[in-house]
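Results of the structural survey
Okay, here's what each chain looks like letter by letter:
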Amino acid sequence: VPYITSKFDTFLANDIMRPIIGQQKSSFSFRTVMDEQKILLINLSKGRLGDMNSALLGLVCVGKLLMAALGRVDVPEHERKDFYLYIDEFQNYVTPSIATILSEARKYRLSLTLAHQYMGQLVKDGKTEIRDAVLGNVGSMLVARVGPEDTEILSKVFEPTFSAQDLMNTDMYTWNVKVIIDNAQAKPF
């Protein structure tokens, strides 16, 4: 018992984490937030929570959102309301759940907006499943200036309109965009 309880000390010592982890029952339902089209803001600032606490809460929230989305199977597809999930610095919450959300949650009307700085952040322990899931399932991309490593991957997405050289030399405050319009891939601009 002492060994197991010592693993929770990090979370329970934090004044912000203690009431979250120590609850017997959640004070809100992710499913209700989705179905009633509510706005839920979750601040996982590493400065306030610390790296480990921020990562733990992020992973829990992503898992709960996935389960809430998959739980919408009991609602006919035409009655499901759109829910938009925005994850900034999403490389911090990269798990197999994200790959599942990317490949399966669309039919449950869960739309994602994911932001990160470079493609290498989506590779964990040499495994590229998350990066591949992002590239294979994302319909719209906004790409600012990228480095040489990323051009190898992203030039395939933006060719022939933009070359690897174009992607590396994009002006400041300018984005290269690839979107799907009416279920068809539009020419990048």
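Summary of the structure given here. (Residues numbered from 1 in each chain as written. Predicted model: local features only at pLDDT ≥ 70, side-chain atom pairs only at ≥ 80, totals over all residues. Heavy atoms only, no water.)

Moving on, we come to the pairing of strand S1 (residues 83-87). The alternating pattern of S1 places Phe83, Leu85 and Ile87 on a buried face and Tyr84 and Tyr86 on a face that is not buried. Pairing of S1 with strand S2 (residues 110-114) involves five bridges; the strand directions are parallel. When the bridges of S2 are listed, Phe83 appears paired with Leu110. (Buried < 20%, exposed > 50% of the residue type's maximum accessible area, 1.4 Å probe, protein only. Helix = DSSP H or I, 4+ residues; strand = E, 2+ residues; numbered from the N terminus. Pairing = 2+ DSSP bridges.)

Before going further, it helps to spend a moment on helix H6 (residues 96-104). Buried residues of H6: Ile98, Ala99, Ile101 and Leu102, and no others. End-on, the buried residues of H6 take up no more than an arc of 160°, which puts them together on one face. Residues of H6 that are buried sit in contact with helix H5 (51-70), S1, S2 and helix H7 (129-137). (Arc of directions from axis to C-beta. Contact = heavy atoms within 4.5 Å.)

Bringing the side chain of Ser155 into the picture now. Relative to the assigned elements, Ser155 resides in helix H8 (residues 148-158). Residue classification places Ser155 among the buried residues on the basis of a relative accessible area of 8%. When neighbours within four sequence positions are excluded, Ser155 is seen to be in contact with Phe162, Ala164 and Leu167.

Moving on, we get to the nonpolar core. It is characteristic of soluble globular proteins that their nonpolar side chains tend to be buried jointly. Among the nonpolar cores identified, the biggest contains 31 residues, and Met34, Ile87, Phe90, Leu110 and Leu122 are the most heavily contacted of them. Secondary-structure elements contributing two or more residues to this core are helix H3 (30-35), H5, S1, H6 and H7. It is H5 that contributes the most residues to this core, seven residues altogether. In this structure, Ile87 is in contact with Val62, Tyr93, Ile98, Thr113, Leu114 and Ala115, ignoring residues within four places of it in sequence. Counting residues in hydrophobic clusters, the runner-up holds seven residues, among them Met141, Val143, Phe158 and Leu167. (Core = buried A, V, L, I, M, F, W, Y, C linked by side-chain atoms within 4.5 Å.)

Another point: the packing of H5 against H6. At their nearest, the axes of H5 and H6 sit 10 Å apart, and the two run at 30° to each other. The angle between the axes of H5 and H6 places the two elements in the roughly parallel class. When you trace H5 past H6, the crossing you get is left-handed. Residues Val62, Gly63, Leu66 and Leu70 of H5 lie in contact with H6, whose contacting residues are Ser97, Ile98, Thr100, Ile101 and Glu104. Residues of the contact of H5 with H6, tallied by class, amount to five nonpolar, three polar and one charged. (Axes fitted to C-alpha atoms, helices over the stretch in contact; angles between N-to-C directions. Parallel < 35°, antiparallel > 145°, perpendicular 65-115°, else oblique. Left-handed = near helix turned anticlockwise from the far one by under 90°. Nonpolar A, V, L, I, M, F, W, Y, C, P; charged D, E, K, R; others polar.)

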